[in-house]
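Here are the chains, one letter per residue:
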Amino acid sequence: VLKETPSEEVTKQISEMPAVIKVMESGGQYQIVIGTHAKDVYEALAQMLDLTETEAAPVKQGLGSRIIATMSAVFAPFIYILAAAGLVQGALIIITHFAPAFAYSVLSFISWTPFTFMPIMIAVTASKHFKCNTFIAMWCCMALTNPDWASIAARIADGETIKFLGLPMAQTTYTSSVLPPLFLVLVLSYLERWLNKHVPDIAKALVVPFVSAVIMVPLTILVIGPISDAFAMGIANCYNF
């Protein structure tokens with residue numbers, strides 16, 4: 001995201017460089033497509049320009065551009081992890097087709113792990129994008145994937161009514177989920193900034209994570225999770241239709 005968009009002449013010069021595949025503007029971003037070594041080039045460029053990970057140009061973006069930028073920032077860092085896990089699953093399908101007796105249980109759970117604990121990976125990348133404490137975000141998202149919550153959700157699914165603060169909880173589970181942890185971290189970023197402004201410095205280190213966790217995890221289970229899960233199911237049903 002640049003403070004000033006390069007001229008057409010400069011863009012043409014960049015696009016004609018041997019290592020450049022394509023140059024384009026999309027979602028408020030000036031994108032130079034160079035392949036899988038983009039991270040190495042970025043790190044070299046960031047060092048030359050003395051940039052930090054949290055520095056960003058003050059550019060106004062529309063809602064659509066902000067959504068695209070958020071999706072890119074949150075999912076791009078671990079998309080190849082998911083792709084590699086998918087390759088392991090595909091290899092197991094082929095192997096077991098020709099060798100049904102192959103003991104694949106270990107490789108199977110390895111391949112499913114990134115999808116099962118996706119909320120934790122989202123916590124890491126989303127916390128950097130929304131500029132909040134990564135470890136607080138991880139704690140909240142790990143709580144959502146805790147097996148104890150899965151067992152509580154299963155009891156609710158079986159018809160048992162379980163309440164928290166007098167409010168009935170939904171049977172939503174969060175392993176492999178995308179939207180609930182994303183919205184959790186988004187709301188957490190606002191809560192954390194408010195706490196940092198109002199909590200005395202001497203107590204911030206302990207009070208901010210304590211208050212953040214005891215508010216955000218129940219809030220997600222009671223409100224954010226069910227709403228975002230219903231939204232996701234609506235998208236899936238429309239797509240299937």
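All figures in this text were calculated on a predicted structure; none of them were measured in a lab. (Residues numbered from 1 in each chain as written. Predicted model: local features only at pLDDT ≥ 70, side-chain atom pairs only at ≥ 80, totals over all residues. Heavy atoms only, no water.)

### Things to note about helix 7 (residues 134-144)
Item 1. Taken together, the buried positions of helix 7 are Thr134, Ile136, Ala137, Met138, Cys140, Cys141 and Leu144.
Item 2. Those residues of helix 7 that are buried lie in contact with helix 6 (118-130), helix 8 (147-157), helix 9 (179-198) and helix 10 (201-240).
Item 3. Between a side-chain oxygen at the N-terminus of helix 7 and the backbone nitrogen of phenylalanine 135 the separation is 2.9 Å; the capping residue is asparagine 133. (Buried < 20%, exposed > 50% of the residue type's maximum accessible area, 1.4 Å probe, protein only. Helix = DSSP H or I, 4+ residues; strand = E, 2+ residues; numbered from the N terminus. Contact = heavy atoms within 4.5 Å. Polar contact = N/O pair within 3.5 Å; in protein donor to acceptor, adjacent residues only side chain to side chain.)

### Topic: helix 5 (residues 105-116)
Item 1. Given a rise of 1.5 Å per residue, 12 residues ought to cover 16 Å, and the 16 Å separating the end C-alpha atoms of helix 5 matches this to within 8%.
Item 2. Within helix 5 the residues assigned to the buried category are Ser108, Ser111 and Pro114. When helix 5 is viewed along its axis, its buried side chains cluster within an angular range of 135° and face the same direction. Exposed and oriented more than 90 degrees from the buried face of helix 5 are Ser105 and Phe109. (Expected span 1.5 Å × (residues − 1). Arc of directions from axis to C-beta.)

### A word on the packing of helix 4 (residues 79-98) against helix 5
Item 1. For the pair helix 4 and helix 5, interaxial distance at closest approach is 9 Å and the crossing angle is 150°. In this view, helix 4 runs roughly antiparallel relative to helix 5, as classed from their interaxial angle. As for the relative orientation of helix 4 and helix 5, their crossing is left-handed in sense. Contact residues: Ile81, Leu82, Ala85, Gly86, Val88, Gln89 and Leu92 in helix 4; Leu107, Ser108, Ser111, Trp112, Pro114 and Phe115 in helix 5. (Axes fitted to C-alpha atoms, helices over the stretch in contact; angles between N-to-C directions. Parallel < 35°, antiparallel > 145°, perpendicular 65-115°, else oblique. Left-handed = near helix turned anticlockwise from the far one by under 90°.)

### Focus on the packing of helix 9 against helix 10
Item 1. In contact at an axis separation of 8 Å, helix 9 and helix 10 are set at 145° when each is read in the N-to-C sense. Here helix 9 runs over helix 10; the crossing is right-handed.
Item 2. Residues that form the contact of helix 9 with helix 10 fall into these classes: 16 nonpolar, 5 polar and 2 charged. (Nonpolar A, V, L, I, M, F, W, Y, C, P; charged D, E, K, R; others polar.)

### Details of unusual backbone geometry
Item 1. One non-glycine residue, lysine 131, lies in positive phi territory at about 60°.
Item 2. For lysine 131, the location among the structural elements is in the loop between helix 6 and helix 7.
Item 3. One non-glycine residue, serine 176, adopts positive backbone phi at about 70°.

### What to know about the pattern of salt bridges
Item 1. The final tally for this structure, using the stated rule, is 2 salt bridges.
Item 2. The partner of aspartate 201 in a salt bridge is lysine 204, and the shortest N-O contact between them spans 3.1 Å. In this pair, aspartate 201 and lysine 204 both sit in helix 10, 3 residues apart, roughly one turn of the helix.
Item 3. Judged by its relative accessible area of 23%, lysine 204 falls in the partly exposed class. (Salt bridge = Lys/Arg side-chain N within 4 Å of Asp/Glu carboxyl O.)

### Focus on the environment of aspartate 158
Item 1. Inspection of the secondary structure assignment puts aspartate 158 in the loop between helix 8 and strand 3 (163-164).
Item 2. Spatially, the C-alpha atoms of aspartate 158 and glutamine 171 are 9.2 Å apart, while their sequence positions differ by 13 residues.

### Concerning the nonpolar core
Item 1. By size, the foremost hydrophobic cluster in this structure holds 37 residues, and its most contacted members are Ile122 and Val185.
Item 2. Elements with a contribution of two residues or more to this core: helix 3 (63-75), helix 6, helix 7, helix 8, helix 9 and helix 10.
Item 3. Per-element tally for this core: the top contributor is helix 10, with 7 residues.
Item 4. With residues near it in sequence (within four places) discarded, isoleucine 122 still touches Val74, Phe75, Phe78, Ser127, Ser177, Val178, Pro181 and Leu182.
Item 5. Ile14, Val20, Val23 and Tyr30 belong to the second largest nonpolar core, which has 5 residues in total. (Core = buried A, V, L, I, M, F, W, Y, C linked by side-chain atoms within 4.5 Å.)

### Side note on the packing of aromatic side chains
Item 1. Applying the stated criterion across every chain yields a total of 2 aromatic pairs.
Item 2. Arranged with centres 5.9 Å apart and planes meeting at 70°, the rings of phenylalanine 75 and phenylalanine 78 form a pair that is edge-to-face. A single burial state applies to phenylalanine 75 and to phenylalanine 78, both of which are buried.
Item 3. Taking 5.9 Å as the distance between ring centres and 65° as the angle between the ring planes, the aromatic pair formed by tryptophan 112 and phenylalanine 115 counts as edge-to-face. Of this pair, tryptophan 112 and phenylalanine 115 are both found in helix 5, 3 residues apart, which corresponds to roughly one turn of the helix.
Item 4. For tryptophan 112, a relative accessible area of 45% gives the class partly exposed.
Item 5. You can call phenylalanine 115 partly exposed: its relative accessible area is 21%.
Item 6. For arginine 193, the ring lying beneath its charged end belongs to tyrosine 190, and the centroid distance is 5.0 Å. (Phe/Tyr/Trp six-rings, centres within 6.5 Å; stacked < 30°, edge-to-face > 60°. Lys NZ or Arg CZ within 6 Å of the ring centre and 35° of its normal.)

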